[in-house]
Amino acid sequence: MRNYSLLRFLKLNVYFFLMYSLLTAVWYGITGKFEENPTGTIGEVFFTAAVFSLLFSLAIVIWFRREERRIPVKGLSVKELDKKLARIGYQRVQGKSKQTISYKPEPPKASALAGKIFVQQSVNFYHLHGPARYLKQIGNL
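Residues numbered from 1 in each chain as written. Predicted model: local features only at pLDDT ≥ 70, side-chain atom pairs only at ≥ 80, totals over all residues. Heavy atoms only, no water.

1. Side note on a nonpolar patch on the surface
Moving on, step 1. Residues Tyr15, Met19, Leu22, Leu23, Val26, Trp27 and Ile30 make up a contiguous nonpolar surface patch of about 770 Å² in total accessible area.
Moving on, step 2. Inspection of the secondary structure assignment puts Val26 in helix α1 (residues 4-31).
Moving on, step 3. Look at Val26 and you get partly exposed, because its relative accessible area is 47%. (Patch = residues over 30% accessible without salt bridge, like charges linked within 9 Å, V, L, I, M, F, W, Y side chains within 5 Å. Areas by Shrake-Rupley, 256 points an atom, 1.4 Å probe, with all protein chains shown as cover. Salt bridge = Lys/Arg side-chain N within 4 Å of Asp/Glu carboxyl O. Helix = DSSP H or I, 4+ residues; strand = E, 2+ residues; numbered from the N terminus. Buried < 20%, exposed > 50% of the residue type's maximum accessible area, 1.4 Å probe, protein only.)

2. Some details on the side chain of Thr24
Moving on, step 1. Its location among the elements puts Thr24 in helix α1.
Moving on, step 2. What makes Thr24 buried here is its relative accessible area of 10%.
Moving on, step 3. Within the local environment of Thr24, its side chain forms a polar contact with the backbone oxygen of Tyr20, the two atoms lying 2.7 Å apart. (Polar contact = N/O pair within 3.5 Å; in protein donor to acceptor, adjacent residues only side chain to side chain.)

3. Here we look at α1
Moving on, step 1. For α1, spanning 28 residues, the distance from its first C-alpha to its last is 40 Å, which sits close to the expected 40 Å at 1.5 Å a residue.
Moving on, step 2. By the burial criterion, the buried members of α1 are Tyr4, Arg8, Phe9, Leu12, Asn13, Phe16, Ser21, Thr24 and Tyr28.
Moving on, step 3. Check the buried side of α1 and you find it contacts α2 (38-63), β1 (66-72) and β4 (117-121).
Moving on, step 4. Where α1 ends, the next residue or the one after it, Gly32, has phi of about 85°, a positive value. (Expected span 1.5 Å × (residues − 1). Contact = heavy atoms within 4.5 Å.)

4. Here we look at the pattern of salt bridges
Moving on, step 1. Within this structure, the stated rule accounts for three salt bridges.
Moving on, step 2. The partner of Glu67 in a salt bridge is Arg69, and the shortest N-O contact between them spans 3.1 Å.
Moving on, step 3. By relative accessible area, Glu67 is classed as partly exposed at 26%.
Moving on, step 4. Arg69 sits in the partly exposed class, given a relative accessible area of 29%.

5. So, the sheet that holds β1
Backbone-to-backbone hydrogen bonds pair the strands of a sheet. The strands run either parallel or antiparallel.
Moving on, step 1. In space, the five strands of this open sheet follow the order β1-β5-β4-β3-β2, with antiparallel pairing throughout. Bordering the open sheet on either side are β1 and β2 (90-93), each of which pairs with just one other strand. Between one strand and the next, the sheet's axes are offset by a mean angle of 25°, whatever the strand orientation. (Pairing = 2+ DSSP bridges. Axes fitted to C-alpha atoms, helices over the stretch in contact; angles between N-to-C directions.)

6. Here's the deal with the nonpolar core
Moving on, step 1. Core analysis: the largest hydrophobic core is formed by 22 residues, its most contacted members being Leu81, Leu85, Tyr90, Val119, Tyr126 and Leu128.
Moving on, step 2. Elements with a contribution of two residues or more to this core: α1, α3 (78-87), β3 (100-105), β4, β5 (125-131) and α4 (132-140).
Moving on, step 3. For Val119, the contacting residues outside a window of four places in its chain are Leu81, Leu85, Gln99, Thr100, Ile101, Tyr103, Tyr126, His127 and Leu128. (Core = buried A, V, L, I, M, F, W, Y, C linked by side-chain atoms within 4.5 Å.)

7. Re the packing of aromatic side chains
Moving on, step 1. By the definition in use, this model includes 10 aromatic pairs.
Moving on, step 2. Joined through ring pairs, the aromatic side chains of Tyr15, Phe16, Tyr20, Phe52 and Phe56 make up one cluster.
Moving on, step 3. One Lys or Arg, Lys33, reaches over the ring of Tyr28 and ends 4.6 Å from the middle of that ring.
Moving on, step 4. Here the basic side chain of Arg70 rests over the ring of Phe125, its NZ or CZ set 4.2 Å away from the ring centre. (Phe/Tyr/Trp six-rings, centres within 6.5 Å; stacked < 30°, edge-to-face > 60°. Lys NZ or Arg CZ within 6 Å of the ring centre and 35° of its normal.)

8. Notes on the packing of α1 against α2
When two helices pack together, their arrangement is given by the angle between the helix axes and by the axis-to-axis distance.
Moving on, step 1. For the pair α1 and α2, the least separation of the axes is 8 Å and the interaxial angle reads 140°. Regarding α1 and α2, the two cross each other, and that crossing is right-handed.
Moving on, step 2. In the contact of α1 with α2, the residues fall into 16 nonpolar, seven polar and two charged. (Left-handed = near helix turned anticlockwise from the far one by under 90°. Nonpolar A, V, L, I, M, F, W, Y, C, P; charged D, E, K, R; others polar.)

9. Description of α2
Moving on, step 1. Between its terminal C-alpha atoms α2 stretches 37 Å, which fits the 38 Å expected from 26 residues at 1.5 Å a residue.
Moving on, step 2. Buried residues in α2 make contact with α1.

Listed below in structure tokens is the structure:
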């Protein structure tokens, strides 16, 4: 949870880079662009893939920006919190850590690109770390 946004950005960036490179290389192979200048074409594929993946990853990270919300423990039990998170499209992940509970998005209610929600319980509050858009919906329920 500590560097979750950075790890998420890196994973998205690598994923988009590989997929864009692969799909562009297949298309260039079909259209015969590799026959003219193979090294220039490979450089073009990697350059455009790097630019595309950087821009798209930044857009996703900004679109699903993360924040922390605090919900008082007195007004809500863990089961009620699970139900609220289930209503907005998040399912609890069974983890080893007793201190932090994580929830993963389940499409179509929550976007898979939004990332996980982490819940830590202190004496007085539940500390929810996750996408701002979905954490706002918890307050409305």
